[in-house]
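# Examining the three-dimensional arrangement
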Amino acid sequence: MPTTFTMHAPAKINLFLHITGKREDGLHLLQSVMVFVDVGDELEFSPHDSLFLDVEGPFAADMPSPHGNLAYKAAQLLSAEYKVPMRGRITLTKRLPVASGIAGGSSDAATALRGLAKLWGLPEEKDRLRRIGAQLGADVPACLTGRPVWTEGIGERVTVLPDMPAMSFVLVNPMVATPTPEVFARFRNKFSPALQFSGRRKSMHEWIADLKLYRNDLTSAAMEVTPEIRGVLAALRETPNCHFARLSGSGATCFGVFDHAQAATAAVNKLKHQYPDWWVSAASLMA
Ligand code: ATP
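What you see is a predicted model, and the numbers here were worked out from it, not measured in a lab. (Residues numbered from 1 in each chain as written. Predicted model: local features only at pLDDT ≥ 70, side-chain atom pairs only at ≥ 80, totals over all residues. Heavy atoms only, no water.)

Counting secondary structure elements, the protein contains 9 helices and 10 strands. For 287 residues, the compact-globule estimate of 2.2 N^0.38 gives 19 Å, and the protein sits close to it at 19 Å. Taken along its principal axes, the extent of the C-alpha atoms in the protein is 55 × 45 × 35 Å. Residues classed as buried in the protein amount to 53% of the 287 residues present. For the protein, the share of sequence-separated contacts (at least 6 apart) that also reach a separation of at least 24 residues comes to 77%. On the protein, roughly 12800 Å² of surface is accessible, and the fraction owed to carbon and sulfur atoms is 50%. Within the protein, one finds 30 positive and 28 negative side-chain charges whose respective centroids are separated by 4 Å. (Helix = DSSP H or I, 4+ residues; strand = E, 2+ residues; numbered from the N terminus. Rg over C-alpha atoms; globule rule 2.2 N^0.38 Å. Buried < 20%, exposed > 50% of the residue type's maximum accessible area, 1.4 Å probe, protein only. Contact = heavy atoms within 4.5 Å. Areas by Shrake-Rupley, 256 points an atom, 1.4 Å probe, with all protein chains shown as cover. Lys, Arg positive; Asp, Glu negative; His and termini not counted. Charge placed at Lys NZ, Arg CZ, Asp CG, Glu CD.)

Further remarks concern the packing of aromatic side chains. With the rule as written, the count across this model stands at 10 aromatic pairs. Ring geometry for Phe 16 against Trp 150: centres 6.3 Å apart, planes inclined by 40 degrees, an arrangement best described as tilted. Here Trp 150 lies in strand E5 (residues 149-152) and Phe 16 lies in strand E1 (residues 5-22), a separation of 134 residues in the sequence. By the burial criterion, Phe 16 is buried, and Trp 150 matches it. Within the aromatic cluster, the residues linked to one another by ring pairs are Phe 16, Trp 150, Phe 197, Trp 207 and Tyr 214. The ring of Tyr 82 carries Arg 128 above its face, with NZ or CZ at 3.9 Å from the centroid. One cation-aromatic arrangement involves Lys 202 over Trp 207; the distance from NZ or CZ to the ring centre is 4.2 Å. (Phe/Tyr/Trp six-rings, centres within 6.5 Å; stacked < 30°, edge-to-face > 60°. Lys NZ or Arg CZ within 6 Å of the ring centre and 35° of its normal.)

As far as function goes, none of this settles anything; it's purely spatial.
Written out as structure tokens, the structure reads:
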């Protein structure tokens, strides 16, 4: 058994999110480019006779009971699939706000699957982990890649985009939990036409020009649930050098895109000063 090790559970950003239809089971079909960033939760894994999950960090108090935690559910599914006992101590440092559109729970689940597979000495079987992940949430297969992806279906059809250029972001959350099911329940817009998306290599400025043409189709529904999103988007758009600002996932986290890390840091300092109650963070894309 390996000794103690830690893994980053990155936040996800939907650079755009189009809703293209609805399945008979009520789940929406979407198209999105999702990226993962250097900001996130952290999971520490160490040997232990039984499975034990400890949660600490700034948002630990907002977590469900340990057995309701997606990291714990990931351990249960992995143990059942490989018929191995649930062992190990996981310490989850919860740094991402909960129910905020940046897939904190899904990313914790994906990282728990990868970390426990390593701790338990399981064979490296990405497809099998992906199948287990899909049972935990539609975003989990994308979170397992940790890389920029084009996603379709309900999020389970994932294509890695290997040539994404470096990008800098500012993430802002007004600290209002925004449950995904409530947002989808308010979605009444017409469906977007399906895009023929090309993953060809593009410069950062070509990417930005393309992304500006797209949207997050959940924005108006998310604003009905959390009206503060309007102010967050306006504040981001007013920061110098922000190319565009948009909602991520079902919100309430919004992101601004900047040319480089210094511009993002300057925007973070300005926003933290103006809005001390908001969660504001600079973030860089993990390629
Ligand atoms: P998405 O972007 O995938 O819609 P989200 O960022 O909006 O996700 P999460 O923070 O993943 O939302 O939380 C969704 C729900 O999952 C919350 O109601 C929370 O109680 C539950 N949950 C279970 N485990 C976790 C976890 N490890 N981290 C965050 N939320 C968790």
